[in-house]
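Coordinate analysis (summary)
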Amino acid sequence: GEDVSTGILSQIENLAKSSNLNIVDIRPESQKNLSSSKESYVELRTEGDMESCLKFIYSIENSLALLKVKKFQLRAKPGSSNLEGNFLIAQVSLQ
């Protein structure tokens, strides 16, 4: 299939930036075609404090671009008050 649009990547980057969340790694994953819609996945690794992580999740879930957090995992970064996060984010586009 075609690549996940760069639009979704820059959108996620902007949301992370406004949440003060650091993106360590971001990469487009596969797409899945559902009967009436298509989901494009993006995987990212982040670093930031708890507040930033929560703000980021909130802003993804409330974004106008139909972004959804499919799954995420947060763990404490040794020797720091920051958390390392792993997110799988889906963008739903109606066919």
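Residues numbered from 1 in each chain as written. Predicted model: local features only at pLDDT ≥ 70, side-chain atom pairs only at ≥ 80, totals over all residues. Heavy atoms only, no water.

Pairing is antiparallel in the open sheet, where four strands are placed in the order β1-β2-β4-β3. Every other strand in the sheet has two partners, leaving β1 (22-33) and β3 (67-76) as the edge strands with one partner each. On average, each strand axis in the sheet is tilted by 15 degrees relative to the strand beside it, whichever way the strands run. Across nine bridges, β3 lies against strand β4 (residues 83-94) in antiparallel orientation. (Pairing = 2+ DSSP bridges. Helix = DSSP H or I, 4+ residues; strand = E, 2+ residues; numbered from the N terminus. Axes fitted to C-alpha atoms, helices over the stretch in contact; angles between N-to-C directions.)

In terms of nonpolar packing, the biggest core is built from 18 residues, with Ile12, Leu44, Phe56, Ile60, Leu67, Phe87 and Ile89 touching the most fellow members. Breaking this core down by element, the ones donating at least two residues are α1 (6-18), β2 (37-48), α2 (50-61), β3 and β4. Not counting the four nearest positions on each side in its chain, Ile89 is found in contact with Ile12, Ser40, Tyr41, Val42, Leu44, Phe56, Ile60, Leu67, Lys68 and Lys70. (Core = buried A, V, L, I, M, F, W, Y, C linked by side-chain atoms within 4.5 Å. Buried < 20%, exposed > 50% of the residue type's maximum accessible area, 1.4 Å probe, protein only. Contact = heavy atoms within 4.5 Å.)

The final tally for this structure, using the stated rule, is seven salt bridges. In this structure, Glu43 and Arg27 form a salt bridge, with 3.6 Å as the shortest nitrogen-oxygen distance. Pair noted here: Glu43 is in strand β2 and Arg27 is in strand β1, with a separation of 16 residues, a long-range link. In this structure, Glu39 and Lys70 form a salt bridge, with 3.4 Å as the shortest nitrogen-oxygen distance. One end of the pair, Glu39, is in strand β2; the other, Lys70, is in strand β3, with 31 residues separating them in the sequence. For Glu39, a relative accessible area of 5% translates into the label buried. Lys70 gets classed as partly exposed once you look at its relative accessible area, which sits at 40%. Among the charged side chains, a network of salt bridges with common partners joins Asp25, Arg27, Glu29 and Glu43. (Salt bridge = Lys/Arg side-chain N within 4 Å of Asp/Glu carboxyl O.)

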